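# Observations on chain architecture
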Amino acid sequence: MSGARRPGRNHLFVPGPTNVPDRVLRAMHVPMEDHRSSDFPKLTLPIYERMKKIFKTKDGQVIIFPSSGTGAWEAALTNTRAPGDKVLIARFGQFSHLWGELAKRHGLDVIVQEEEWGTGANPDRIEEALRADKNHEIKGVLVVHNETATGVTSDVAAVRRALDAAKHPSLLYVDGVSSIGSIDFRFDEWGVDLAITGSQKGLMLPAGLGIVCASKKAIAAIKDDNCRRAYFDLNDQIKANATGYFPYTPALPLLYGLREALEILDEEGLENVFARHHHLAGGARAAVGAWGLKLCAKAPKWHSDTVSAIMVPAGFNGADVIDVAYKRYNLALGAGLSQVAGKLFRIGHLGDLNELMLLGAIAGAEMAMRDTGIEVELGSGVGAAQEHFRGGMQAKVKQVAAE
Ligand code: PLP
């Protein structure tokens, strides 16, 4: 559509980047300032404290730096692991694949535990591998909490129990890029050692910040002779951050935006944010059912509350649906990646989102499917989602009336 004016808003329904609330956009519209001034820590220090609430940690160390989620993966691994260290990763989608590949490129000895795409981490198999590792050579267990490529959420608490049951001292690394701030995440309770996220999903900001939360055990594992790094050396950052400063020029507007986003999450209440994501995801799933289609997630226990990956019927290409949705309806849907390229399209339902916005995406997906020849009844998905949302709303209304 280059050159043609496209009136109205673009409907952004990729599972990140997500919609940036107007308040956050305005908060980022700031003049530059001296990041070494005596006032600067007044902005930064409270952000670290508030981020701890998002991770649900008391003593975890939050580190925020210019990067995307991939840089946060890299920082978490290179600081705490040395080349040749064994790490175990469950692979069940493109992001768990890419994280393992990144680890290999840093010289780690990566044991890949393959799971069917559409399922997630298998705590029993993880426990078995850890029990078999009598000499405790495995130094890290890596889990993608929410596999954005397939719309699958894994049970991190169960993975923690697997480590404990095997009495294994390995660190637990968790990618929460598309879960943290949208799906319940409990750093302390689940005994996570390194949690990783980025700014552009649940935190409702543009991409540009990598965020890591490290346990005491993880910080003790940061050694000079681990993998090579300089800019991403977490010790440099932790030292400077302690007084509210950075060892480099920080991404100032993003920090102002993060402060506002944290305020917004606080106003809604984190538990309400999780409940809203669950409610919205239920509407998307109701639509998929009404279309007679299937999710990539193989069973309800894997259903993600932030992204639904929807399988297109055999003989159709999900990429066509995405292309038509974008060109005709100004709707951005997520693509199928790697193994599932063409087999599905994804609706991201995370961040600053409500029922009517999601109904727009469902309506657009329905039209785009029909335009590409997929036999779905127009209005069927929208109607099913509306019923779901009304049911949810009525429960809310009753609850409010009872209060
Ligand atoms: N991990 C997950 C689960 C993701 O969804 C993504 C990106 O979508 C990444 C990691 C990589 O993050 P980024 O694209 O911010 O580098």
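Preceding this paragraph is the structure being described.
Now for a quick tour of the structure. In this text, all values refer to a predicted model and were calculated from it rather than measured experimentally.

### A word on the overall build of the chain
In terms of helices and strands, the chain carries 13 helices and 14 strands. The C-alpha atoms of the chain give a radius of gyration of 21 Å, which matches the 22 Å a tight globule of 403 residues would have. Judged by the C-alpha coordinates and their principal axes, the chain covers about 60 × 55 × 55 Å. Here the chain holds 403 residues, and the buried ones make up 57% of them. Approximately 17200 Å² of the chain is accessible, and the part contributed by carbon and sulfur atoms is 53%. Distance between charge centres in the chain, computed from 46 positive and 47 negative side chains, equals 1 Å.

### Describing the packing of aromatic side chains
Inspection of every chain in the model, using the stated rule, returns eight aromatic pairs. Ring centres of Phe 185 and Trp 190 lie 5.5 Å apart, and the angle between their planes is 65°; on these two criteria the pair is classed as edge-to-face. Comparing Phe 185 with Trp 190, the two get one shared label, buried. Taken together, a centroid distance of 5.5 Å and an interplanar angle of 70° make the contact between Tyr 231 and Phe 232 edge-to-face. Classification of Tyr 231 as partly exposed rests on a relative accessible area of 40%. Clustering of aromatic rings is evident, with ring pairs tying together Phe 40, Phe 65, Tyr 231, Phe 232, Phe 246 and Tyr 248. One residue, Arg 6, lies across the ring of Tyr 326, its end atom 4.9 Å from the ring centre.

### What about the site of the ligand?
In the neighbourhood of the ligand, 13 residues make up the surrounding shell, with Ser 68, Thr 70, Thr 148, Asp 175 and Lys 201 lying closest. Within the side chain of Thr 70, one N or O atom sits 2.5 Å away from an oxygen atom of the ligand. Residue Asp 175 places a side-chain N or O atom 2.6 Å away from a nitrogen atom belonging to the ligand. In isolation the ligand offers 390 Å² of accessible surface; the protein chains occlude 87% of this area. Looking at the shell around the ligand, the element that brings in the most residues is helix H3 (residues 69–80), giving three residues.

### Overview of the environment of Phe 40
Relative to the assigned elements, Phe 40 resides in helix H2 (residues 40–55). By relative accessible area, Phe 40 is classed as buried at 1%. On a C-alpha basis, the gap between Phe 40 and Tyr 245 in space is 7.5 Å, while along the polypeptide they are 205 residues apart. Apart from the residues within four sequence positions on either side, Phe 40 is in contact with Glu 33, Asp 34, His 35, Gly 244, Tyr 245, Phe 246, Pro 250, Leu 252 and Leu 255.

### Some points on the side chain of Ser 179
Inspection of the secondary structure puts Ser 179 in the loop between strand S8 (171–175) and strand S9 (194–198). The class for Ser 179 is buried, based on a relative accessible area of 0%. Once residues lying within four places of it in the same chain are set aside, the contact partners of Ser 179 are His 145, Asn 146 and Phe 185.

### Some points on the sheet that holds strand S14 (residues 344–348)
An order of S1-S13-S14-S12-S11 is seen for the five strands of this open sheet, with the pairing classed as mixed. Pairing within the sheet leaves two strands with one partner each, and these edge strands are strand S1 (11–13) and strand S11 (294–295). Those strands touched by helix H10 (residues 270–291) are S11, strand S12 (307–311) and S14, and its axis lies near 10° from that of S12. Most of the contacts of helix H11 (residues 318–329) go to strand S13 (residues 331–335), to which it runs at about 160°, and overall it touches S1, S13 and S14.

Quick notes on the rules
- Residues numbered from 1 in each chain as written.
- Predicted model: local features only at pLDDT ≥ 70, side-chain atom pairs only at ≥ 80, totals over all residues.
- Heavy atoms only, no water.
- Helix = DSSP H or I, 4+ residues; strand = E, 2+ residues; numbered from the N terminus.
- Rg over C-alpha atoms; globule rule 2.2 N^0.38 Å.
- Buried < 20%, exposed > 50% of the residue type's maximum accessible area, 1.4 Å probe, protein only.
- Areas by Shrake-Rupley, 256 points an atom, 1.4 Å probe, with all protein chains shown as cover.
- Lys, Arg positive; Asp, Glu negative; His and termini not counted.
- Charge placed at Lys NZ, Arg CZ, Asp CG, Glu CD.
- Phe/Tyr/Trp six-rings, centres within 6.5 Å; stacked < 30°, edge-to-face > 60°.
- Lys NZ or Arg CZ within 6 Å of the ring centre and 35° of its normal.
- Near = heavy atom within 4 Å.
- Polar contact = N/O pair within 3.5 Å; in protein donor to acceptor, adjacent residues only side chain to side chain.
- Contact = heavy atoms within 4.5 Å.
- Pairing = 2+ DSSP bridges.
- Axes fitted to C-alpha atoms, helices over the stretch in contact; angles between N-to-C directions.

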